[in-house]
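# A closer look at the structure
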Amino acid sequence: MGKEFEMPSDIITVIMSVYNGERFLSNAIESILAQTYRNFSFIIVDNASTDNTAKILSRYEAIDKRIRIISNKKPQTYVEGRAMAIKQVKTPWFAIMDADDVAYPRRLEVQISLIKTHGDKLGALGSWAHYINDQGKILGNMVMGPNDTKSFEALYAKNEAITLIDPSSVIHKKTFEAAGGYRAETTPAADLDLWYRLAEQGKKLLVIPEFLLQYR
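Since the model is a prediction, treat every value here as computed from it, not as a measurement. (Residues numbered from 1 in each chain as written. Predicted model: local features only at pLDDT ≥ 70, side-chain atom pairs only at ≥ 80, totals over all residues. Heavy atoms only, no water.)

Residue pairs three or four apart in sequence face the same way in an α-helix, which turns once every 3.6 residues. Counting buried residues along helix H1 (residues 25-33), 7 of its 9 residues qualify, which places the element largely inside the surrounding structure. Listed in full, the buried residues belonging to H1 are Leu-25, Ser-26, Ala-28, Ile-29, Ser-31, Ile-32 and Leu-33. Where H1 is buried, its residues contact strand S1 (12-18), strand S2 (41-46), helix H2 (53-63), strand S3 (67-71) and strand S5 (102-103). (Buried < 20%, exposed > 50% of the residue type's maximum accessible area, 1.4 Å probe, protein only. Helix = DSSP H or I, 4+ residues; strand = E, 2+ residues; numbered from the N terminus. Contact = heavy atoms within 4.5 Å.)

And the structure:
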């Protein structure tokens, strides 16, 4: 592990919503726990999984004090699970993580560095990602923008799509709430619906041109 990135401990919370995720869950969690930036909380919502998800989560909660588990008694959509986690977030920013993906070690470090540069002028930010299969083999690159404020402003002015890779995203909580949060009726594309509504709050959305995630 490289040198830890120093930032106040009240900047960011990582959230995850999982249902029957036992196959890849440990890899996903461990990739967050191995981040070079270590001062975060990690809220995981178990949406009434029927496999070994609950046991896996309990084990990690016992060994790392940053983890908090919320257990639903009935299955929820990923949007409902995330919304439950977001309500518990006490930090200005929250990072999305899915239970079948893998974050590269510097993901949070790089993203928080950009937050430090732009502050709350940002509504959300994401990164590039490697597309992987079930065995973890890289199949291709997921490369998108806007990568700078001028590119964002050009896209927004033309009413063109602004797309972040959902599980690579870090979102400003107050802007998320002002925009009305996720709209359940837009599931499974609730993330795509969200991005433009964040921009309508007068905030910028940026994509860091670095591979910070493996997307399964």
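Back to the text.
A few words now on the pairing of S3. In terms of strand pairing, S2 meets S3 through 5 bridges, oriented parallel. Its bridge partner being in S3, Ile-43 is matched across the sheet by Arg-68. Taking the sense of rotation as the criterion, the β-α-β connection linking S2, H2 and S3 turns out right-handed. (Pairing = 2+ DSSP bridges. Right-handed = clockwise from strand over helix to strand, strands pointing away.)

Of all residues in the protein, 96% have pLDDT values of 70 or greater, and the mean over the chain is 92. Here residues 1-8 scores under 50 on pLDDT; set against residues more than four positions off or in separate chains, the count is 18 contacts. (pLDDT = per-residue confidence, 0-100.)

Among the residues of helix H3 (residues 78-87), those classed as buried are Val-79, Gly-81, Arg-82, Ala-85 and Ile-86. Looking straight down H3, one finds that the buried residues subtend no more than 160 degrees of arc, so they occupy a single side. Buried residues in H3 make contact with S1, S2, strand S4 (93-96), helix H6 (173-178) and helix H7 (190-199). (Arc of directions from axis to C-beta.)

Before going further, it helps to examine the packing of aromatic side chains. Across all of its chains, the model carries 6 aromatic pairs by this definition. Measuring from centroid to centroid gives 5.4 Å for Phe-94 and Phe-176, while their planes differ by 90 degrees, and the two rings are edge-to-face. Of this pair, Phe-94 sits in strand S4 while Phe-176 sits in helix H6, placing them 82 residues apart in sequence. Since its relative accessible area comes to 0%, Phe-94 is described here as buried. Ring centres 5.9 Å apart and planes at 10 degrees place the aromatic pair Phe-152 and Tyr-156 in the stacked group. Within this pair, Phe-152 and its partner Tyr-156 are both found in helix H5 (residues 149-157), separated by 4 residues, close to a single helical turn. Relative accessible area serves as the criterion here: at 4%, Phe-152 is assigned to the buried category. Through a chain of ring-to-ring contacts, three or more aromatic side chains come together here, namely Phe-94, Phe-176 and Tyr-182. Above the face of the Phe-24 ring, Arg-216 is positioned so that its terminal group lies 3.8 Å from the ring centre. (Phe/Tyr/Trp six-rings, centres within 6.5 Å; stacked < 30°, edge-to-face > 60°. Lys NZ or Arg CZ within 6 Å of the ring centre and 35° of its normal.)

Okay, the pattern of salt bridges next. Opposite charge on two side chains lets them pair, provided their charged atoms get close. A full pass over the atoms with the stated rule returns 9 salt bridges. We note a salt bridge from Arg-106 to Glu-210, for which the minimum N-O separation is 3.7 Å. Taken together, the residues Arg-106 in the loop between S5 and helix H4 (107-118) and Glu-210 in strand S9 (residues 204-215) connect sequence positions 104 residues apart. On the basis of relative accessibility, which here comes to 33%, the residue Glu-210 falls in the partly exposed class. Here Arg-183 ties to Asp-193 by a salt bridge, and the two come within 2.5 Å at their closest N and O atoms. Linking Arg-183 in the loop between H6 and H7 with Asp-193 in helix H7, this pair joins segments that are 10 residues apart in sequence. The buried category is assigned to Asp-193, whose relative accessible area is 17%. Three or more residues are tied together by salt bridges with common partners; here these are Arg-82, Asp-98 and Asp-166. (Salt bridge = Lys/Arg side-chain N within 4 Å of Asp/Glu carboxyl O.)

Before going further, it helps to spend a moment on unusual backbone geometry. The linkage connecting Gly-145 with the following residue, Pro-146, adopts the cis geometry, with an omega of 10 degrees. Backbone geometry at Asn-20 places phi at a positive 50 degrees, although glycine is not the residue there. Relative to the assigned elements, Asn-20 resides in the loop between S1 and H1. Unusually for a residue other than glycine, Ala-48 sits at a positive phi of about 60 degrees. Here Ala-48 falls in the buried class, since its relative accessible area comes to 18%.

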